[in-house]
Amino acid sequence: MDAVYDKNNMTSIIIVTRNQLTLTKQCIDSIRRNTAAGSYELILVDNGSDDGTAVWAAEQTDVKVIANKDNAGFPKACNQGLQHAAGSFLLLLNNDTLVTPGWLTGLQRCLTSDAAIGAVGPVTNSASYWSAIPASYTTLEELDQFAEALSSSAKAAGTQGSWEERIKLVGYCMLLKREAYEAAGELDERYGVGNFEDDDYSIRLKLAGYKLMLCKDTFIHHYGSASFREEEQLYVRTFEKNSRIFRDKWGFSAEQGLLIRIDIAGLVEREAKLPARGGEVTSTGETFKLLELGCGCGATLLRLKSLYPGAELLGLERNAEASRIAAASGIQLLEGDDPSQWAIAPGTLDGIVIGEAQWGVSVEKLQLLSTLLKPAGWLAGDFDNRHYYRSLLRYLNPLNGEAGFQGEGTYAIEQVQELYEAAGLINLSIHLQEDGSENRDKRISEAEFTALERMIDTKYDVTGRLTSSRFSVYGQINTDIRKTVPAAVPEQPDTSAMPLIEQNDVRFSGERLVVNQEVKTHYTDVYEEHLSRYELACRYVNGLRVLDAACGAGYGSAMLSQAGAVEVLGVDVDSDSVRLAERDYSRAGVRFAVADVLALPFADEEFDAVISFETIEHVDQGAAWIAESARVLKAGGLFIVSTPNRTVTNPPLYYEEQPFNTFHRFEYRTAELAGELLVHYDIEAMFGQNPVDDSRFASMNWLRQMSGLEQGREASRIMEPQGHQPIPLAQFKSTEPMYVIAVCRKKRA
């Protein structure tokens, strides 16, 4: 019998169980602790548990119980609970979850903020579809503190910035408006015991006209597929079967149609000049505009919309059903393969995502797409890696009759890189979607793997090439290619590709690098270390007004200008260095001045970016320089800083002790640097140079010896340097970088 609908904003919480009584008790206890009494009802639907779950639930005065004799399946059990629900809000909650303080009001705040929102879900520690975030709590008390800190941080930054529209919500915790449920109907019971029913239901909510939102300000704990873990083979069979059911019903696979190209989104977030938080128009008052070719149901475009608020989204999709769902998400669908037929004026797009590789494998097509981009607009593509080791092995298998066709649709990194460059794209950034060398097929010996590496013999040594199934490439439009010069004005020489002037009349002191033959010949490592840092910074500064702090002889300021910075001001406390910089590197858009970084002669919020390499360790108080850099930066401005890592350079010393390098006042460890940066900045990325394995530290070997452990480490586990290139800090495992680089954004008030 259906329940009588309650209009007093009560929430009906439906929990489906199949054994796991201990987890169910913990879940319900967390609800009771963290949810206002009288604001909810609990409905437990038990699918034939044999551990006493139904009996225990029947003894609870605040739980309505529906006891099935056997496993009716997750979708059917949810439908049973929904039929008995009286609330105006309906919540599907897994029994292997723990809710936290303010969880329900946090979800309801988002759900009720817009009549168009039909369902919301929280973030968690363990879930699919990019709804999990890093978490380090170990106790219930720490869990609650973590969730409250996340919520408080989001409120301080502006709550709506923590809500992200999604194509799909994962069903471990989904809060619905009753009217959205009534419009979409019941869950599809063809999905049996579970899997893909949440994909299916999310699409139906979309087609019913509702938005789905991920609430990144609300956190709950999820143990993760507890019932399926006990029956692993059932999970595998169900996943494959339900994947076919979904594909037959909708005409595309969930893996492709609902895919968020998270690697491309990460590249854009890292490399592009993003709008200020809350900014929904460009500096000229235009709306941001993004295009994806092969957009599926629009999941990637919605992800990018969280970076470009209010953006106009355009997509091209060949699958009719997927494009119908994309249109329901507010994406304007284009038709045809000829860009001249699209209603897009040249120079009006902020970014283009290539989801269908055919668009990124000819210079002509890339050039056509580039004409649609604004100055400094970006283009990012996703490609299958031709050199992925599994693909190579299939190709080399003599029993594989289709080996000759396997190259179709796959691409080498250099191939795509050369296409981008030929099309006039600059500031390229490549991201390999690493599957992990540690997870590679154990049937392949180390010798065979080495043989594959030798066989490739490519122009560039790219770490992870063989173990990455896909890679993404990001590039920006080269605005110089578009420039037209009035006839009355003589054309200026293109200085963007000019080599750095050598200062051969200057001796290298060991501290302030100069570019000359002495340094290139005798101090190659130092030279490459310094240039690699500026090359990293060059990825970020296109179109920005930049302060190069402690610029030395000025070569770095020249590099930043060549990378597209609209203006670079280099400052240094040493007047001789500034004089040399002015002599050799001054030009239009590049100036130099004598200044102390602790007392900069500039107004507040004057710069878009501050670059500070190997500077902070030279001042008395690093925190003072960090604060001064933040003062002169605009809100959301970029701060890139590097410094030696004391763990490597001065391992026996405490922070307050004089480093062995007498020019340095102190040296940080990585955590110490991050701690001081976080006072004024949000850290977007961290990199390391010159990795040093833990096995090379005497203290580690002594500790292992005292613990009866073998000294040294398996050679294959030791991280090797990539020249002196900055490596993402996430790749350092039992390894310390000699130098740390942090890429930060100034916190917004």
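Refer to the structure presented above.
In every chain, residue numbers begin from 1 and rise along the written sequence. Given that this is a predicted model, residues contribute local features only at a pLDDT of at least 70 and side-chain atom pairs are listed and counted only at 80 or more, while totals for whole chains, interfaces and linings are drawn from all residues. For the side-chain quantities, the full set of heavy atoms in the structure was used; hydrogens and water were omitted.

Q: A description of the overall build of the protein should follow, citing residues and the corresponding values.
A: Secondary structure counts use DSSP, requiring at least four H or I residues in a row for a helix and at least two E residues in a row for a strand, with both numbered from the N terminus. When you go through the protein residue by residue, the secondary structure sums to 26 helices and 25 strands. When burial is assessed residue by residue, the protein has 53% of its 749 residues classed as buried. Contacts are residue-level and defined by heavy atoms, with any inter-residue pair within 4.5 Å sufficient. If you take every contact in the protein between residues at least 6 apart in sequence, the share linking residues at least 24 apart comes to 74%. Note on classification: 1.4 Å probe, protein chains only; a residue is buried when its accessible area is under 20% of the maximum for its type, exposed when over 50%, partly exposed between these limits.

Q: Summarise the sheet that holds strand 19 (residues 567–572); cite the residues concerned and give the values.
A: Paired strands, in this sense, are two strands between which DSSP finds at least two bridges. The strand order across the open sheet formed by eight strands is 20-19-18-21-22-25-23-24, and the pairing between neighbours is mixed. Whereas interior strands pair on both sides, the edge strands pair on one side only; in this sheet they are strand 20 (590–594) and strand 24 (727–728). Pairing of strand 19 with strand 20 involves five bridges; the strand directions are parallel. Bridge pairing in strand 20 places V568 opposite V590. In this fold helix 25 (residues 670–677) packs onto strand 22 (633–644), strand 23 (681–693) and strand 25 (735–746), with an angle of close to 5° to the strand it touches most, strand 25. Each axis is a line fitted through C-alpha atoms, and for a helix only the stretch in contact is used; angles between axes span 0 to 180 degrees, taken between their N-to-C directions.

Q: Give a detailed account of the nonpolar core, specifying residues and quantitative values.
A: Note on terminology: a nonpolar core comprises buried Ala, Val, Leu, Ile, Met, Phe, Trp, Tyr and Cys residues joined through side-chain atoms within 4.5 Å. L93 and W378 are the most contacted members of the largest nonpolar core, which has 68 residues in total. In terms of residue count, helix 4 (residues 103–111) provides more of this core than any other element does, five residues in total. Setting aside anything within four residues of it in sequence, one finds L93 in contact with I13, I14, I15, V16, C27, I31, V99, Y172, C173 and I220. Residues L536, Y540, A563 and F613 belong to the second largest nonpolar core, which totals 41 residues.

Q: A description of unusual backbone geometry should follow, citing residues and the corresponding values.
A: With a phi angle near 60°, N19 is a residue other than glycine that sits in the positive phi range. Structurally, N19 is set in the loop between strand 1 (11–17) and helix 1 (21–34).

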